[in-house]
Amino acid sequence: MRYAVRKFALSFAFAVASAVAALSAEVGAATGTNQTQDDSLKEFMGANPDCLEFNDQCSFCAVVNGAAECSTPQIACVKQKIRCTKRADK
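Residues numbered from 1 in each chain as written. Predicted model: local features only at pLDDT ≥ 70, side-chain atom pairs only at ≥ 80, totals over all residues. Heavy atoms only, no water.

A complete count under the given rule lists one salt bridge for this structure. For Asp50, the salt bridge identified is with Arg87, shortest N-O distance 2.8 Å. Separated by 37 residues along the polypeptide, Asp50 in the loop between α1 (2-47) and β1 (51-55) and Arg87 in strand β4 (residues 83-87) bring together distant segments of the chain. Its relative accessible area of 41% is what places Arg87 among the partly exposed residues. (Salt bridge = Lys/Arg side-chain N within 4 Å of Asp/Glu carboxyl O. Helix = DSSP H or I, 4+ residues; strand = E, 2+ residues; numbered from the N terminus. Buried < 20%, exposed > 50% of the residue type's maximum accessible area, 1.4 Å probe, protein only.)

Next comes the structure, spelled out in structure tokens:
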């Protein structure tokens with residue numbers, strides 16, 4: 001009985017430690033990524049002034065009054081190159 005309790009406690013401790021490590025990595029990555037993403041959005045908008053909607057397969061954005069308004073990134077997405085999905089009619 002004691003062996004089962006120790007085994008459960010040890011498994012639980014490893015699970016908690018793994019979750020904390022994964023969460024810390026995500027928080028650290030998100031902090032650095034946000035600045036880069038903002039810069040890349042500005043660059044993309046500058047290079048594509050006629051683009052009204054765009055996405056990177058994680059966040060979906062629309063240009064409103066000259067500024068990008070983007071959704072929260074989806075869970076478990078794989079970022080790709082930003083691409084325009086709707087352009088202004090000329």
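In spatial order, the strands read β3-β2-β1-β4; together these four strands make up an open sheet with antiparallel pairing. A single partner strand is all that each edge strand has here, and the edge strands are β3 (67-70) and β4. With strand direction ignored, the average angle separating the axes of adjacent strands in the sheet is 30°. Bridge count between strand β2 (residues 60-64) and β3: four bridges; the pairing is antiparallel. Residue Val63 lies in a different strand from β3, and its bridge partner there is Ala68. (Pairing = 2+ DSSP bridges. Axes fitted to C-alpha atoms, helices over the stretch in contact; angles between N-to-C directions.)

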